[in-house]
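# Observations on the three-dimensional arrangement
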Amino acid sequence: NIAVKASMTGHLVLSSLHTNDAVQSIMRLVDLKVEPIYVGSSVLCIASQRLLKRICESCKTEAPVTPEELKRVGVDPAKVAGVKFYRGQGCAQCNNTGYKGRLAVFEVLPISASIREIIFAKGSLAQLKAAAKDAGFKSLRDIAVNRWKDGVTTLDEVLGETYE
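Now for a description of the structure that goes with this document. Just so it is clear, the structure is predicted and the values come from calculations on it, not from any experiment.

What follows deals with the overall build of the protein. Within the protein one finds eight helices and four strands. The order of helices and strands in the protein, counted from the N terminus, is α-α-α-β-β-α-β-β-α-α-α-α. Each of the three principal axes of the protein carries a C-alpha extent, and together these read 55 × 35 × 20 Å. Burial analysis of the protein (164 residues in total) assigns 37% to the buried set. Sequence separation of 24 or more characterises 75% of the internal contacts of the protein that already satisfy a separation of 6 or more. Charged side chains in the protein number 22 positive and 17 negative. The centres of these two groups are separated by 3 Å.

What follows is the structure, encoded as structure tokens:
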């Protein structure tokens, strides 16, 4: 409440909050007893991030993916025909883990007029997610799936570190 009140007086306030994604942060603020009118009036943008393990380049091998696995993350198998997916087999370079290093993925949710209206109306999480998607919002899952398609991380990392 103090941070929100400070932002209402024109101060830039940066803060962290533990949630699964950017859209859920709005609901979390309301759960913390911040009035929706203040959330909608004071929050300008919400960012969420995750670190995904990178596939080790020294032992990277092709890893075929089933249509069921693709559907599990919302990917139409027809849209990734010809795309090669990978995993690390494990080697001395990665201590036999198949991974070496991390990759940051981010989602950024600007608070648009339509999202603000839903906040003021005490709308549901589903309404907020729909409005964000309509505005072109890309979720952590969407971004992580793209990194998987790029051959940088694995399906296990996408499923383990992002939520739908």
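For helix H7 (residues 140-149), the complete set of buried residues consists of Leu140, Arg141, Ile143, Ala144, Val145 and Trp148. Of the surrounding secondary structure, the elements contacted by the buried residues of H7 are strand E1 (45-55), helix H4 (67-72), strand E4 (99-110) and helix H8 (155-161). Trailing H7 by a residue or two, glycine 151 shows a phi angle of about 80°, which is positive.

Below, the discussion takes up a nonpolar patch on the surface. Residues Met8, Ile37, Tyr38 and Phe120 make up a contiguous nonpolar surface patch of roughly 370 Å² in combined accessible area. What makes methionine 8 partly exposed here is its relative accessible area of 40%.

Moving on to the packing of helix H5 (residues 113-120) against helix H6 (residues 125-134). In contact at an axis separation of 9 Å, H5 and H6 are set at 175° when each is read in the N-to-C sense. The orientation of H5 with respect to H6, classified from their angle, is roughly antiparallel. Here H5 contributes Ser114, Ile115, Ile118 and Ile119 to the contact with H6, which in turn contributes Gln127, Leu128, Ala131 and Ala132. When the residues that make up the contact of H5 with H6 are grouped by side-chain class, the tally is six nonpolar, two polar and no charged.

Turning next to the pattern of salt bridges. Within the structure shown, the criterion is met by three salt bridges. The closest approach of N and O atoms between aspartate 21 and lysine 129, which form a salt bridge, is 3.6 Å. Here aspartate 21, found in the loop between helix H1 (2-8) and helix H2 (22-31), pairs with lysine 129, found in helix H6; they are 108 residues apart in sequence, far enough to count as distant. With its nearest N and O atoms 3.5 Å apart, the salt bridge here joins glutamate 57 to lysine 60. Residue classification places lysine 60 among the partly exposed residues on the basis of a relative accessible area of 26%.

About the cut-offs
- Residues numbered from 1 in each chain as written.
- Predicted model: local features only at pLDDT ≥ 70, side-chain atom pairs only at ≥ 80, totals over all residues.
- Heavy atoms only, no water.
- Helix = DSSP H or I, 4+ residues; strand = E, 2+ residues; numbered from the N terminus.
- Buried < 20%, exposed > 50% of the residue type's maximum accessible area, 1.4 Å probe, protein only.
- Contact = heavy atoms within 4.5 Å.
- Lys, Arg positive; Asp, Glu negative; His and termini not counted.
- Charge placed at Lys NZ, Arg CZ, Asp CG, Glu CD.
- Patch = residues over 30% accessible without salt bridge, like charges linked within 9 Å, V, L, I, M, F, W, Y side chains within 5 Å.
- Areas by Shrake-Rupley, 256 points an atom, 1.4 Å probe, with all protein chains shown as cover.
- Salt bridge = Lys/Arg side-chain N within 4 Å of Asp/Glu carboxyl O.
- Axes fitted to C-alpha atoms, helices over the stretch in contact; angles between N-to-C directions.
- Parallel < 35°, antiparallel > 145°, perpendicular 65-115°, else oblique.
- Nonpolar A, V, L, I, M, F, W, Y, C, P; charged D, E, K, R; others polar.

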